[in-house]
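This is what each chain is made of:
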Amino acid sequence: MTLFPIVNEEILKFDLEDLIELFEFVISPSDRIVNGAIYTPSEIRSYIIHKLFRKLG
């Protein structure tokens, strides 16, 4: 039994992109400006991750 059964029913797949989207949703636009938060597009994130794992072997 899980503490959040609705989560198990509604979210079948929750990956890194979903987590990033959730994070971006939670941070207000004014906080982004004040804190200088800039979000990297998914294509660039994928490229960086691919290069990192390739370098690490």
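Scroll up to find the structure this text is about.
For every chain, the first residue of the written sequence is number 1, and numbering continues from 1 along that sequence. Side-chain atom pairs in this predicted model are given and counted only at pLDDT of 80 or more, local residue features only at pLDDT of at least 70, and totals for whole chains, interfaces and linings cover all residues. The side-chain quantities take in all heavy atoms of the structure and omit both hydrogens and water.

Colleague: Hey, could you run me through the overall build of the chain in this one?
Modeller: In DSSP terms, a helix is any run of H or I states spanning at least four residues, a strand is any run of E spanning at least two, and both are numbered starting from the N terminus. Along the backbone of the chain there are 4 helices and 0 strands. Relative accessibility under 20% of the residue-type maximum defines a buried residue, over 50% an exposed one, and the middle range a partly exposed one, all with a 1.4 Å probe and only protein chains included. In the chain, buried positions account for 4% of the 57 residues. Using a 1.4 Å probe, accessible areas were evaluated by the Shrake-Rupley method; residue-level cover was limited to the displayed protein chains. A total accessible area of about 5500 Å² is found for the chain, and carbon and sulfur atoms account for 67% of it.

Colleague: Any chance you could explain helix 4 (residues 42-56) here in plain terms?
Modeller: Every α-helix winds through 3.6 residues per turn, so residues three or four apart in the chain are directed the same way. One less than the number of residues in a helix, times 1.5 Å, gives the span that helix is expected to have. For helix 4, built from 15 residues, the straight-helix expectation of 21 Å at 1.5 Å per residue is met to within 8% by its first-to-last C-alpha distance of 21 Å. At the C-terminal side of helix 4, glycine 57 shows a positive phi close to 85°.

Colleague: Explain a nonpolar patch on the surface here, please?
Modeller: Among the surface-exposed residues, Phe14, Leu16, Leu19, Leu22, Phe25, Val26, Ile49, Leu52, Phe53 and Leu56 lie close enough to one another that they form a single nonpolar patch of about 1100 Å² accessible area. The set of elements that each furnish at least two residues to the nonpolar patch consists of helix 2 (16-26) and helix 4. In terms of residue count, the dominant contributor to the nonpolar patch is helix 2 (5 residues). Relative to the elements of secondary structure, valine 26 occurs in helix 2. The residues that make up patches have over 30% relative accessible area and no salt bridge, and they are joined within 9 Å when like-charged or within 5 Å when they are Val, Leu, Ile, Met, Phe, Trp or Tyr. The term salt bridge refers to a pairing of a side-chain nitrogen on Lys or Arg with a carboxyl oxygen on Asp or Glu at a separation within 4 Å.

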